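Chain by chain, the residues run as shown.
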Amino acid sequence: MNGSKRALWNASLEELKSWCEEHGERGFRARQIREWAGQHRVRGFDAMTNLPKRLRHELDQAWTLSSSSVSHASNDVDLTRKLLVRLADGGVIECVLIVEEDRRTLCLSTQVGCAMGCVFCASGLDGVDRSLTTGEMIEQMLHVTHLLPPNERLTHIVVMGMGEPLANLEALLPALEFATAKTGLGVSQRHVTISTVGLPKRIRQLAEAGKRYHLAVSLHASNDRIRQQIVPTAEKVTLDEILAAADAFRQETGRQVTFEYVLLADINDEAHHAQELARRLRGRDAMINLIPFNPVSGLPYREPTSTRTKAFAETLREAGFTVKVRKRKGARIDAACGQLRRSQRDSNEIVPLVSS
Ligand code: SAH
C-alpha cells in the first residue's frame, strides 16, 4: 500500500528534524508535524495548515502517517470496540478500546502472536511472528483515538494485548513516551499498566527506566509445579525469582504491583490454592486481579463457577490483600487476547470495514 513511504511514527523526532532541514525547512517543523498527527489527530499532511504547502506536498511524497490500517472494528453492547489492524507486511494484530464511564482505555499489542505459550491464551497458539515497531504501537493508539469524538481522549493504556511487552521493551518505551507526552496523547504515566508473564531481568530493567508506569505480573499459580504446566516459560523461572523482581520494582518505583491470576476450573481455583497464594504473597502490599478464564474455542479449559471465584477472592481478602475480579468486557466480540484474530482467520467471512 504505502510500501515506498517511510512510516512517520517509526522516525524519531531527531530523524524528522534532519529530514526537514535536508528539505530546506527549519527543524521545529518536525515537532509541528508530530503534534498535528498526534495531538490534533489529523489524518493527512494537507490538513497541517500552518506548514508551507510545498512542505506538505513533499511530506506526502516521502512519509505515511499510518503504515497500518484498520481492517475490522466490532461493536459490543458495552461500547468495547475491538479492532483488527493490518500491518504493512500483511501481519494482523488486535487492539481494543474499552469505554467505561469517563475512562477510555486502549488495550495495546506489542507483538504479532506471542512466544510465551501460556496454555489458556489464544495469542500464543501459533507462536510469535515478530515484535512490533514503535511506530506500529503508536499507530494503534491513533487508530483507537480516531474512533473517539473530538472532545474525548484516551485516558488509560493497558499493555495487555497480543505479545509479551517486556520482550519488546526497546520499542515499547518510546511508544509510551509519545502516549504520555503533553505534546503527544497526554495520558498520565500512572494510567499506563504493563502486564508481563514475569521476566525477572526485564522487570528490573523497567524499574530502572524511572517511569511511573504500573506493573502487572501474570502469576496464575500458587506453586511452581502448576505454573510450569500452564505458563511454559516458567520452566526457567521460579515464582521466587519473579516475586523478588516484583519486590525490587515496588522498592525502586514506590508503586504497588498487581498480580494477575487467571482462574481455570479445577486446575488452580480451589480453596487450598487460594490459601497457598496468600502464603506466597504474604507481607506484600499487593493488589490481586482475579481473571475468570475467558473460553477459547478448541482449548480444554473451563471457567470457574461464580461460587469458587467468590470464595477464592474472599480468602485473599481475609489475608489482607486488595482483590479485584475482572469483569468480562467485550466477551461477545472475542475480546480476550488473540481471539478475534483467530475467529476471523478461521471463518473466512468478509468483514465490514467500519473505520480506518
Ligand atoms: N504477555 C502479557 C500480556 C498478556 S494479556 C502477560 O502475560 O501478562 C493480559 C492477561 O490476560 C494475562 O494475565 C494473560 O495471562 C491473560 N489471559 C490470556 N488469555 C486469557 C484467557 N483466555 N482468559 C483469561 N485471561 C487470559
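Please read all numbers here as calculations on a predicted model, not as lab measurements.

Cut-offs and rules
Residues numbered from 1 in each chain as written. Predicted model: local features only at pLDDT ≥ 70, side-chain atom pairs only at ≥ 80, totals over all residues. Heavy atoms only, no water. Helix = DSSP H or I, 4+ residues; strand = E, 2+ residues; numbered from the N terminus. Rg over C-alpha atoms; globule rule 2.2 N^0.38 Å. Buried < 20%, exposed > 50% of the residue type's maximum accessible area, 1.4 Å probe, protein only. Contact = heavy atoms within 4.5 Å. Areas by Shrake-Rupley, 256 points an atom, 1.4 Å probe, with all protein chains shown as cover. Near = heavy atom within 4 Å. Polar contact = N/O pair within 3.5 Å; in protein donor to acceptor, adjacent residues only side chain to side chain. Phe/Tyr/Trp six-rings, centres within 6.5 Å; stacked < 30°, edge-to-face > 60°. Pairing = 2+ DSSP bridges. Axes fitted to C-alpha atoms, helices over the stretch in contact; angles between N-to-C directions. Core = buried A, V, L, I, M, F, W, Y, C linked by side-chain atoms within 4.5 Å. Parallel < 35°, antiparallel > 145°, perpendicular 65-115°, else oblique. Disulfide = S-S within 2.5 Å. Left-handed = near helix turned anticlockwise from the far one by under 90°. Nonpolar A, V, L, I, M, F, W, Y, C, P; charged D, E, K, R; others polar.

1. Notes on the overall build of the chain
Okay, step 1: The helix and strand inventory of the chain stands at 11 helices and 14 strands.
Okay, step 2: Since a compact globule built from 356 residues should have a radius of gyration of about 21 Å, the 21 Å found for the chain is in line with a globular shape.
Okay, step 3: When the backbone C-alpha atoms are referred to their principal axes, the chain occupies close to 70 × 50 × 35 Å.
Okay, step 4: Going through the 356 residues of the chain one by one, you find that 54% of them count as buried.
Okay, step 5: Of all intrachain contacts in the chain linking residues separated by at least 6 positions in sequence, the fraction that spans at least 24 positions is 68%.
Okay, step 6: A total accessible area of about 16100 Å² is found for the chain, and carbon and sulfur atoms account for 49% of it.

2. Looking at the site of the ligand
Okay, step 1: Residues in contact with the ligand amount to 19 residues; listed here are only the nearest, E164, S195, S218, H220 and N294.
Okay, step 2: A distance of 2.6 Å is found between an oxygen atom of the ligand and a side-chain nitrogen or oxygen belonging to S218.
Okay, step 3: The side chain of E260 places a nitrogen or oxygen atom 3.5 Å from an oxygen atom of the ligand.
Okay, step 4: Alone, the ligand offers 540 Å² of accessible surface; in the complex the protein occludes 95% of this.

3. Regarding the packing of aromatic side chains
Okay, step 1: The full count for this structure, using the stated rule, is four aromatic pairs.
Okay, step 2: With a centroid separation of 5.9 Å and an interplanar angle of 80 degrees, the aromatic rings of W19 and W63 are classed as edge-to-face. Here the residue W19 occupies a position in helix 1 (residues 13–22), and W63 occupies one in strand 2 (residues 63–64), the gap between them amounting to 44 residues.
Okay, step 3: With a centroid separation of 6.2 Å and an interplanar angle of 80 degrees, the aromatic rings of F293 and Y301 are classed as edge-to-face.

4. Some remarks on the environment of L108
Okay, step 1: With respect to the element layout, L108 can be found in the loop between strand 6 (103–107) and strand 7 (111–113).
Okay, step 2: Since its relative accessible area comes to 1%, L108 is described here as buried.
Okay, step 3: Considering only alpha carbons, one finds L108 and M160, 52 residues apart in sequence, at a separation of 6.0 Å.
Okay, step 4: If sequence neighbours within four positions are ignored, L108 has contacts with M137, Q140, M141, I157, V158, V159, M160, G161 and L172.

5. Section: the sheet that holds strand 13 (residues 287–292)
Okay, step 1: The 10 strands are arranged 3-4-5-6-9-10-11-12-13-14 in an open sheet whose pairing can be described as mixed. The strands lining the two open edges of the sheet, one partner per strand, are strand 3 (69–75) and strand 14 (322–325). Going from strand to strand, the sheet's axes swing by 20 degrees on average, the running direction of each strand aside.
Okay, step 2: Two strands pair when backbone bridges link them, and strand 4 (residues 81–86) and strand 5 (residues 92–100) are joined in this way by six bridges, in the antiparallel orientation. Note that in strand 5 the partner of R81 across the bridge is L97.

6. A word on the nonpolar core
Okay, step 1: Core analysis: the largest hydrophobic core is formed by 104 residues, its most contacted members being M141 and I157.
Okay, step 2: Broken down by element, the residue count for this core peaks at seven residues, all from helix 5 (residues 169–180).
Okay, step 3: Residue contacts for I157: discarding those within four places in its chain leaves L106, L108, M141, A179, V187, H191, V192 and T193.
Okay, step 4: Grouped together as the second largest cluster of nonpolar side chains are six residues, V96, I98, C107 and V158 included.

7. Some details on the packing of helix 6 (residues 200–208) against helix 8 (residues 239–253)
Okay, step 1: Where helix 6 contacts helix 8, the two axes come as close as 9 Å, and the packing angle between them is 5 degrees. Classified by the interaxial angle, the pair formed by helix 6 and helix 8 is roughly parallel. On helix 8, the residues touching P200, I203, R204, L206, A207 and E208 of helix 6 are E241, I242, A244, A245, A246, A248, F249, E252 and T253.

8. Considerations on the state of the cysteines
Okay, step 1: Enumeration according to the criterion identifies zero disulfides in this entry.
Okay, step 2: C114 takes part in no disulfide bond, and the closest cysteine sulfur to it belongs to C121, at a distance of 6.4 Å.

9. Overview of the packing of helix 1 against helix 2 (residues 28–37)
Okay, step 1: For the pair helix 1 and helix 2, the least separation of the axes is 7 Å and the interaxial angle reads 120 degrees. One finds that helix 1 runs oblique with respect to helix 2. Helix 1 and helix 2 meet at a crossing whose hand is right-handed. Note on element contacts: helix 2 touches helix 1 through R29, A30, R31, I33 and R34, opposite L13, L16, K17 and C20.
Okay, step 2: Counted by class, the contact of helix 1 with helix 2 contains five nonpolar, no polar and four charged residues.

10. Side note on the environment of L173
Okay, step 1: Its location among the elements puts L173 in helix 5.
Okay, step 2: Classification of L173 by relative accessible area gives partly exposed; the value is 23%.
Okay, step 3: Taking the C-alpha atoms as reference points, L173 and T134, separated by 39 residues in sequence, lie 8.1 Å from one another.
Okay, step 4: In this view, L173 contacts L206, A209 and Y213; residues no more than four positions away in its chain are not counted.

Shape descriptors only; they carry no functional weight alone.
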